[in-house]
Amino acid sequence: MLEKIQAYPIKFIQKASPNLDDAFDFCRVYRFYTDAIPTCQRLKYIIRAEAHERVFAIKFYAARDKKLDNKYNRILGVYDYISALRILVTCASLIPELMQEFPEYSYIVNGARTIDINKKIENESETQRFRVYRALATKIIGTQSFEHYQFKEISSYLLVRKLPNINIEDEKNRIKQMFLNRYEIEDIW
């Protein structure tokens, strides 16, 4: 089924520098538009590939939510299952493009906690988005170029780039420690 789902065309917008309170080194910003559906006109989405010492954190949100603090947590409620998968496939399609310019980079995604219509916040461990990312990762990305790691407690999924002369386990631990230091979080991984 996934092989029939086509990514939306992505367009590079700009390279962004961090603000004073940002922990990333630089960011590449992209956009894409979904198709119009009977219940909604087409929507513009923003994908942010935030670089952290040879790791891109991939994030996306509906552009109309850009000023909201919870823009990564919102469920729009306008897409069916296949349409939602197409958005995720579009975000994943950015990885091969980034690999051309940044061949040594690894990738991480976080399954943001859903905030529903009643403002109920999902538990941080194994969020529904994380479960979808986990299910799609090996099918879309594969294991030839990346080693896959799950951090279920915080709903994060890490793809460590397989490179010659790189110990994958050491690289995973380096990435983990870098994020712990940058975001001043406890070691719960």
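As the structure is a computational prediction, the values presented were derived from the model and not from experiment.

Draft legend 1. Structural detail: the overall build of the protein. Per the secondary structure count, the protein includes 4 helices and 7 strands. Ordered by position from the N terminus, the helices and strands of the protein form the series β-β-β-β-α-α-β-α-β-β-α. Taken over C-alpha atoms, the radius of gyration comes to 16 Å for the protein, in line with the 16 Å a tight globule of 189 residues would show. Principal-axis analysis of the C-alpha atoms places the extent of the protein at approximately 50 × 35 × 30 Å.

Draft legend 2. How the structure looks around the layout of surface pockets. In this model, the largest pocket occupies a volume close to 1,300 Å³. Lining the largest pocket are 46 residues, and of these Lys-59, Val-109, Asn-110, Gly-111 and Ser-156 sit closest to its centre. Of all elements in the fold, only strand S3 (44-51), strand S4 (55-62), helix H1 (81-92), strand S5 (106-110), helix H3 (128-140) and strand S7 (156-161) reach the threshold of two or more residues within the lining of the largest pocket. Within the lining of the largest pocket, the residues separate by chemical class into 28 nonpolar, 7 polar and 11 charged.

Draft legend 3. Broad picture of the nonpolar core. Ranked by internal contacts, the top residues of the largest apolar core, which has 34 residues, are Ile-47, Phe-56, Phe-60, Leu-98 and Tyr-107. Here the element with the most residues in this core is H1; it accounts for 5 residues. Not counting residues within four places of it along the chain, the set of residues in contact with Ile-47 comprises Ile-10, Arg-28, Val-29, Tyr-30, Phe-32, Ile-58, Lys-59, Phe-60, Thr-90, Cys-91 and Leu-94. Among the nonpolar cores identified, the runner-up in size contains 12 residues, and Leu-158, Ile-168, Ile-175 and Phe-179 belong to it.

Draft legend 4. Geometry of H3. The terminal C-alpha atoms of H3 lie 18 Å apart, and with 13 residues this matches the ideal 18 Å at 1.5 Å per residue to within 8%. Within the sequence span of H3, burial applies to Arg-129, Phe-130, Tyr-133, Leu-136 and Ala-137. Looking at the packing, one finds that the buried side of H3 touches S4, H1, S5, strand S6 (146-151) and S7. Looking one or two residues beyond H3, the residue adopting positive phi is Gly-142, at roughly 85°.

Draft legend 5. Spotlight on helix H2 (residues 94-101). Burial in H2 covers these residues: Leu-94, Ile-95, Leu-98 and Met-99. Along the long axis of H2, the arc covered by the buried residues comes to 135°, so they all point the same way.

Draft legend 6. View of the environment of Phe-12. By the element assignment, Phe-12 lies in strand S1 (residues 11-16). Of the residues examined, Phe-12 reaches a relative accessible area of 34% and is grouped as partly exposed. Ignoring any residue separated from it by four or fewer positions in sequence, one finds Phe-12 in contact with Arg-28, Val-29 and Tyr-30.

Draft legend 7. The arrangement of the sheet that holds strand S2 (residues 26-33) in detail. Spatially, S1-S2-S3-S4-S5-S7-S6 is the arrangement adopted by the 7 strands of the open sheet, whose pairing is mixed. What marks the edges here is a single partner per strand, and that holds for S1 and S6. Sheet twist, expressed as the mean angle between neighbouring strand axes with direction ignored, is 20°. As judged from the 3 bridges shared by S4 and S5, these two strands associate in the parallel manner. In the strand pairing of S5, Ala-57 is matched with Ile-108. Of the strands in this sheet, S2, S3, S4, S5, S6 and S7 are in contact with H2, which crosses S2 at around 140°. Lying over the sheet, helix H4 (residues 168-182) contacts S3, S4, S5, S6 and S7, oriented at roughly 130° with respect to S7.

Draft legend 8. Region of interest: the pattern of salt bridges. For the coordinates displayed, the defined rule picks out 12 salt bridges. A salt bridge links Glu-171 to Arg-54; its shortest N-O distance comes to 3.4 Å. Of this pair, Glu-171 sits in helix H4 while Arg-54 is found in the loop between S3 and S4, placing the two residues 117 residues apart along the sequence. Glu-171 sits in the buried class, given a relative accessible area of 8%.

Calculation notes
- Counting restarts for each chain, with residues numbered from 1 along the sequence as it is written.
- Totals for whole chains, interfaces and linings use all residues, but because this is a predicted model, local features are given only for residues with pLDDT of at least 70 and pairs of side-chain atoms are given and counted only at 80 or more.
- With hydrogens and water excluded, all non-hydrogen atoms of the structure serve as input to the side-chain values.
- Helix numbers and strand numbers start at the N terminus; a helix is a DSSP run of H or I with at least 4 residues, a strand a run of E with at least 2.
- Within these notes, the globule rule equals 2.2 Å times the number of residues to the 0.38 power, and the radius of gyration is based on C-alpha atoms.
- Two kinds of site are reported from a 1 Å grid over the protein atoms alone, namely cavities, where a 1.4 Å probe fits but cannot get out, and pockets, open sets with protein on both sides within 12 Å along at least five of seven lines, and residues are called lining when an atom falls within 4 Å of a point.
- Grid points are joined across faces, edges and corners, and a volume is the space filled by probe spheres set on the points.
- Classification used: nonpolar for Ala, Val, Leu, Ile, Met, Phe, Trp, Tyr, Cys and Pro, charged for Asp, Glu, Lys and Arg, polar for all others including Gly.
- Only buried residues count toward a nonpolar core, which is a set of Ala, Val, Leu, Ile, Met, Phe, Trp, Tyr and Cys residues joined through side-chain atoms within 4.5 Å.
- Here the term buried applies to any residue with accessible area under 20% of the maximum for its type, exposed to any over 50%, and partly exposed to those in between, with areas from a 1.4 Å probe on protein chains only.
- Residue contacts are counted whenever heavy atoms from the two residues lie within 4.5 Å of one another.
- Helices are assigned an expected span. That span is 1.5 Å times one less than the residue count.
- The arc in question is the one traced by the directions running from the helix axis out to the C-beta atoms.
- A strand pair is defined by DSSP finding two or more bridges across the two strands.
- Fitted lines through C-alpha atoms give the axes, limited to the stretch in contact for helices. The angle between two N-to-C directions lies from 0 to 180 degrees.
- Basic side-chain nitrogens of Lys or Arg form a salt bridge, by our definition, when they fall within 4 Å of a carboxyl oxygen of Asp or Glu.

What is shown is where atoms sit, not what they do.
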